[in-house]
Amino acid sequence: MVDSQYYLPNDIGVSALDCGEAFRLLSPQEKMYAHYLSRAAWYGGLAVLLQTSPESANIFVLLQRIFRKQTPSQLAQVATAAGLSSEDYQAFLVYAAGLYANMGNYKSFGDTKFIPNLPKDKLEALVRASQAFQEQSAEMEALWDSCSCLLYSLEDRQKQLGLGDKGITTYFSGNCCLEDAELAQKFLDSKKLSAYNTRLFKRDDGGKACYEVRLASAVQKENQSNIYKHLQHSPTMLHLKMLEEYRRSFTLGSVEAHKEGSRYWIKDKGPIVESYIGFIESYRDPFGSRGEFEGFVAVVNKAMSERFAKLVSSAEVLLPELPWPREFEKDTFLKPDFTSLDVLTFAGSGIPAGINIPNYDDIRQSEGFKNVSLGNVLAVAYATQKEKLTFLEEDDKDLFIKWKGPSFEVQVGLHELLGHGSGKLFVQDDKGKFNFDQSKVINPETGEPVSSWYRGSETWDSKFSTIASTYEECRAECVGLYLCLNKQVLSIFGHEGQDAEDVVYVNWLSMVRAGLLGLEFYTPESKSWRQAHMQARFVILRVLLEAGEGLVGLEEVTGKDGMPDARITLDRSKIHTVGKNAIHRFLCKLQVFKSTADVDGGRALYDGYSTVSDSGAYNFLRLRETVLLRKEVRKMFVQANTRVSGDSVELVEYEGTVAGLISSFTERFQDDAEQLEADLLELSKRDAPCWC
């Protein structure tokens with residue numbers, strides 16, 4: 001029997017992201033602009049297949065060729081004739097949809113491999129019976145042979161993403177380890193080069209280690225034409241300059257060009273069509289420095305954006321409420337755009353609920369950033385049924401379901417704007433100039449003058465490397481918990497009186513429950529975490545449990561089904577006292593270590609709370625088994641396509657099912673499918689020797 005965490009269940013939730021009304025309200029020029037931006041995002045997003053695992057691109061092409069010839073409904077008859085049961089065929093469709101939704105065969109949230117939940121011989125029978133195989137048997141046979149073993153393999157190293165013997169990665173060649181990553185980072189820092197759009201490959205050169213840093217560059221002509229077309233449809237000169245820099249970045253592999261494009265993007269305040277594209281988030285690089293490609297296009301939701309605009313206006317009043325000294329905050333708060341968007345396109349390995357970008361520290365510190373909340377994602381991502389709501393007291397469940405959405409909206413707003421948007425990094429530049437008075441600024445944790453800082457080209461990501469992403473997510477989550485206690489914040493989001501108190505309670509309850517759920521994303525064998533946000537939430541749970549005084553209760557119980565279960569409780573009367581004080585102390589420590597580039601102090605603090613063991617007051621290893629037993633799988637999203645028809649652009653929508661998700665991907669690349677698939681296979685083949 002295969003552990004259930006390594007396959008997707010047949011009843012997995014699938015929801016369509018509704019953007020029909022938002023798209024309908026766009027002008028013809030805005031629709032055309034959105035269309036070509038979306039095409040660039042989708043084509044660029046194919047790079048994620050190559051960034052995920054050695055076999056992902058080949059599996060993608062195999063599925064595309066099958067479904068281009070036969071729709072899911074047409075293939076169902078073939079499956080029956082080939083001896084598959086209806087459950088087998090549904091498992092195949094779920095696997096295919098999962099590969100598309102995650103842009104690879106590892107979960108984007110948790111980095112665990114997933115395999116088809118049907119026997120290999122039945123899947124092979126279906127592949128061989130397909131029309132695609134009948135028409136091109138030699139090519140399809142070779143394609144199946146190239147990926148069928150890895151498609152099903154669950155050897156220990158292949159169960160999750162990771163570096164060296166801890167997992168699979170394509171950011172590094174198979175012979176690289178942590179020491180190689182550290183060496184390469186020092187080299188890149190010395191040359192003032194960013195790792196964001198790179199991969200590292202090591203080879204033996206006569207007994208001597210030789211390293212090759214590969215840049216993502218040289219966009220193919222087909223993709224370049226897409227970019228030139230949407231340059232034509234750019235609404236303003238600012239957009240034109242921004243897109244020209246992106247084009248230069250992708251052509252030459254220049255991070256500096258992408259940074260320049262990001263500067264133009266920040267200046268583009270309140271656009272109707274919002275977008276961003278490039279190598280952005282570093283969650284899936286085991287070392288934490290390399291960005292995964294993503295591109296999104298979305299349309300502003302004006303009503304919700306008004307609330308976020310009020311939050312931005314209140315930011316300068318709210319920032320001093322945070323628990324660190326004034327010197328540890330940015331010299332001036334650069335008011336960002338903060339909008340609620342309905343996603344039209346989000347190409348990459350997954351879709352977040354909110355974003356704070358760009359991720360370039362130097363730009364965020366001195367020039368600004370943008371925040372976005374993805375409204376149509378929030379509307380469907382976190383809806384759940386009462387009977388599927390785990391680990392809560394019955395009395396809490398109705399309240400949780402009622403206020404989960406509104407409370408999460410508040411948390412996302414605070415997390416993105418005042419979490420990721422707050423705090424200062426102390427820097428000494430290449431010329432020796434400091435951005436703080438080192439003779440006067442006192443470290444509140446030691447009472448002594450600040451004695452460490454970032455030097456030259458050092459960045460948050462390069463300095464804190466493997467813990468940078470999760471540490472920062474934890475800091476932002478803590479800011480959300482801390483500031484949601486502020487009545488002014490709650491009023492901005494329309495919550496007053498008892499409703500406001502319920503929002504606070506559910507937000508904190510949701511966080512401690514998420515901390516327990518986070519155990520799903522811990523791997524005991526390697527003692528490693530596979531998901532930055534869930535590690536962060538587990539750390540917060542540990543902090544609040546440590547606060548004591550009955551604030552949070554966690555106990556192991558037996559469920560109504562006779563199986564192991566757990567109950568988590570929160571004393572709402574102690575949130576504003578015991579809870580607030582605990583987060584105050586912890587959040588101050590997180591910021592001080594971050595500001596002062598104190599990697600050793602930050603890592604000791606964070607790793608300590610991240611530890612999962614079977615000793616102490618709570619047996620977290622046993623609780624992890626309970627969490628796995630009762631886990632609910634994350635939903636998959638179906639996105640629309642756009643299509644040019646004469647002088648206008650049409651929105652093509654799909655049903656919220658696995659078949660709808662599959663069809664959306666098949667039709668997304670139909671114009672040049674054969675060439676695109678050949679290119680993907682060639683790129684995959686070229687790198688194949690590097691993974692051995």
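Sequence order as written defines residue numbering, which begins from 1 separately in each chain. For this predicted model, a pLDDT threshold of at least 70 governs which residues receive local features, and a threshold of 80 or more governs which side-chain atom pairs are given and counted, while totals over whole chains, interfaces and linings are taken from all residues. Calculated side-chain values reflect all of the structure's heavy atoms, with hydrogen atoms and water omitted.

Okay, the domain arrangement of the chain next. The split of the chain into domains comes from an automatic or database domain assignment. Here the chain is described as being made up of domain 1 (237-270) and domain 2 (301-630). A separation of 30 Å is found between the C-alpha centroids of domain 1 and domain 2. Between domain 1 and domain 2, the contact holds 10 residues from the first and 12 residues from the second. Buried area is understood as the total, over both parts, of accessible area removed when two parts are fitted together, assessed with a 1.4 Å probe. For domain 1, the biggest contributors to the area lost against domain 2 are Lys-259, Trp-265 and Ile-266; these three give 53% of the whole. The working definition used for a salt bridge is a side-chain nitrogen of Lys or Arg within 4 Å of a carboxyl oxygen of Asp or Glu. For the pair domain 1 and domain 2, the interface holds 2 salt bridges. One salt bridge connects Arg-263 with Glu-367, and the closest N-O pair in it is separated by 2.9 Å. What qualifies as a polar contact is a pair of N or O atoms within 3.5 Å, subject to a donor-acceptor requirement within protein and to the restriction that residues adjacent in sequence count only when both atoms come from side chains. Linking domain 1 with domain 2 are 7 residue pairs in polar contact (both at pLDDT 80 or more), by the criterion used here. Residue composition of the side of domain 1 that touches domain 2, grouped by class: 3 nonpolar, 3 polar and 4 charged. Here, residues are in contact when the closest pair of their heavy atoms is within 4.5 Å. When residues are grouped by polarity, Ala, Val, Leu, Ile, Met, Phe, Trp, Tyr, Cys and Pro land in nonpolar, Asp, Glu, Lys and Arg in charged, and all others, Gly among them, in polar.

A few words on the UniProt feature "binding site: Zn(2+)" (unreviewed entry) in the chain. UniProt positions are given in the numbering used here, feature names are shortened, and annotations may be inferred rather than shown by experiment. Those places that UniProt annotates as "binding site: Zn(2+)" (unreviewed entry) correspond, in this numbering, to His-415, His-420 and Glu-473. These residues run over 59 residues, yet every pair of their C-alpha atoms falls within 8.3 Å of each other. Helix numbering and strand numbering both begin at the N terminus, where a helix is a DSSP run of H or I of at least 4 residues and a strand a DSSP run of E of at least 2. Inspection of the secondary structure assignment puts His-415 in helix H17 (residues 394-419). Sequence-distant contacts of His-415, defined by excluding residues within four places in its chain, comprise His-420, Glu-473, Ala-476 and Glu-477. Structurally, Glu-473 is set in helix H19 (residues 468-483). Setting aside anything within four residues of it in sequence, one finds Glu-473 in contact with Tyr-283, His-415, His-420, Ala-532, His-533 and Ala-536. A polar atom in the side chain of Glu-473 sits 3.0 Å from the side chain of His-415.

Looking now at the packing of helix H21 (residues 497-517) against helix H22 (residues 532-547). Running from amino to carboxyl end, H21 crosses H22 at an angle of 110 degrees, the nearest separation of the two axes being 7 Å. The angle between the axes of H21 and H22 places the two elements in the roughly perpendicular class. For H21 against H22, the interelement crossing comes out left-handed. Between H21 and H22, the contacting residues are Trp-508, Met-511, Val-512, Ala-514, Gly-515, Leu-516 and Leu-517 on the first element and Met-534, Arg-537, Phe-538, Ile-540, Leu-541 and Leu-544 on the second. Axes, fitted as lines to C-alpha atoms, cover a helix only where it is in contact. Angles between the N-to-C directions of the axes lie from 0 to 180 degrees. Orientation labels follow simple angle bins: below 35 degrees gives roughly parallel, above 145 gives roughly antiparallel, 65 to 115 gives roughly perpendicular, and whatever is left gives oblique. Left-handed is the label given to a crossing in which the near helix is rotated counterclockwise from the far helix by less than a right angle, and right-handed is the label when the rotation is clockwise.

DSSP bridges decide pairing: two strands pair if at least two such bridges lie between them. A sheet is described by the order of its strands in space; here 5 strands give the open sequence E4-E5-E6-E8-E7, paired in mixed fashion. Whereas interior strands pair on both sides, the edge strands pair on one side only; in this sheet they are strand E4 (273-281) and strand E7 (354-357). Going from strand to strand, the sheet's axes swing by 35 degrees on average, the running direction of each strand aside. Sheet topology note: the E4/strand E5 (residues 292-300) ladder contains 8 bridges and is antiparallel. Bridge assignment links Tyr-276 to a residue of E5, and that residue is Phe-296. In the packing of helix H2 (residues 28-45) onto the sheet, the strands contacted are E4, E5 and strand E6 (337-347), and the crossing angle to E6 comes to about 60 degrees. Lying on the sheet, H17 is in contact with E6, E7 and strand E8 (370-374); it crosses E7 at an angle near 10 degrees.

Attention now moves to the UniProt feature "active site" (unreviewed entry) in the chain. Cross-referencing UniProt, the feature "active site" (unreviewed entry) maps to Glu-416 in the present numbering. In this structure, Glu-416 sits in helix H17. The exposure class assigned to Glu-416 is buried, which follows from its relative accessible area of 7%. In contact with Glu-416, not counting residues within four places along its chain, are Phe-338, Gly-354, Ile-355, Asn-356, Asn-371 and Gly-421. Only protein chains enter the accessibility calculation, which uses a 1.4 Å probe; a residue whose area is less than 20% of its type maximum is buried, one above 50% is exposed, and one in between is partly exposed.

Let us look at the state of the cysteines. One covalent bond between the sulfur atoms of two cysteine residues makes up a disulfide. Count a disulfide wherever a pair of cysteine sulfur atoms falls within 2.5 Å. Per the stated rule, a full pass over the model turns up 0 disulfides. The cysteine Cys-474 is free of any disulfide, with Cys-478 supplying the nearest cysteine sulfur at 4.3 Å.

Moving on, we come to the packing of helix H4 (residues 56-69) against helix H9 (residues 137-152). Relative orientation of the contacting elements H4 and H9 amounts to 135 degrees, with a least axis distance of 9 Å. Judged on the interaxial angle alone, H9 and H4 are oblique. Judged by the twist between their axes, the crossing of H4 over H9 is left-handed. Facing Asn-58, Ile-59, Val-61, Leu-62, Arg-65 and Ile-66 of H4, the residues of H9 in contact are Glu-139, Met-140, Leu-143, Trp-144, Ser-146, Cys-147 and Leu-151. Its residues assigned to classes, the contact of H4 with H9 comprises 9 nonpolar, 2 polar and 2 charged.

Here, nonpolar core refers to any group of buried Ala, Val, Leu, Ile, Met, Phe, Trp, Tyr and Cys residues whose side-chain atoms link them within 4.5 Å. Among the nonpolar cores identified, the biggest contains 104 residues, and Phe-60, Phe-67, Phe-92, Phe-296 and Leu-374 are the most heavily contacted of them. Considering each element in turn, this core owes the most residues, 10 residues, to helix H6 (residues 86-102). Once residues within four sequence positions are removed from consideration, Phe-92 is found in contact with Leu-63, Phe-67, Leu-75, Leu-118, Leu-123 and Leu-126. In terms of nonpolar packing, the next biggest core, distinct from the first, is built from 93 residues, Val-506, Val-578, Phe-586 and Ala-597 among them.

We now examine the pairing of strand E17 (residues 648-652). Bridge count between strand E16 (residues 641-645) and E17: 5 bridges; the pairing is antiparallel. Its bridge partner lying in E17, Ser-645 is registered against Ser-648. A loop of 2 residues connects E16 with E17, the two strands running antiparallel in sequence, and Gly-646 in this loop sits at a positive phi of about 70 degrees.

This part covers the packing of aromatic side chains. Planes of paired rings set the category: under 30 degrees apart is stacked, over 60 is edge-to-face and the rest tilted, where pairs are Phe, Tyr or Trp rings (Trp by its six-membered ring) whose centres lie within 6.5 Å. Scanning the model with the defined rule gives 33 aromatic pairs in all. Considering the side-chain rings of Phe-308 and Phe-493, the 5.8 Å spacing of their centres and the 75 degrees angle between planes classify their relative orientation as edge-to-face. Here Phe-308 is found in helix H14 (residues 302-318), whereas its partner Phe-493 is found in the loop between helix H20 (487-492) and H21, with 185 residues between them in sequence. The same class applies to Phe-308 and to Phe-493, which are both buried. Counting every residue linked through ring pairs, the aromatic cluster contains Trp-42, Tyr-43, Phe-60, Tyr-100, Phe-665 and Phe-669. Here the guanidinium or amino end of Arg-572 rests over the ring plane of Tyr-505, the centre of that ring lying 4.5 Å away. Both a distance and an angle decide whether a charge sits over a ring: NZ of Lys or CZ of Arg must be within 6 Å of the ring centre and within 35 degrees of the ring normal. When the ring centre of Phe-109 is taken as reference, the NZ or CZ atom of Arg-634 above it lies at 3.7 Å.

In this section: the pattern of salt bridges. Overall, the coordinates contain 43 salt bridges when judged by the stated rule. Between Glu-141 and Arg-128 there is a salt bridge, with the nearest N and O atoms lying 2.6 Å from each other. Residue Glu-141 is located in helix H9, and its partner Arg-128 is located in helix H7 (residues 120-129); the two are separated by 13 residues in the primary sequence. The exposure class assigned to Glu-141 is partly exposed, which follows from its relative accessible area of 29%. For the salt bridge of Lys-463 with Glu-458, the shortest nitrogen-to-oxygen distance reads 3.4 Å. Several salt bridges share partner residues, and in doing so they unite Arg-65, Arg-68, Glu-139 and Glu-677 into one network.

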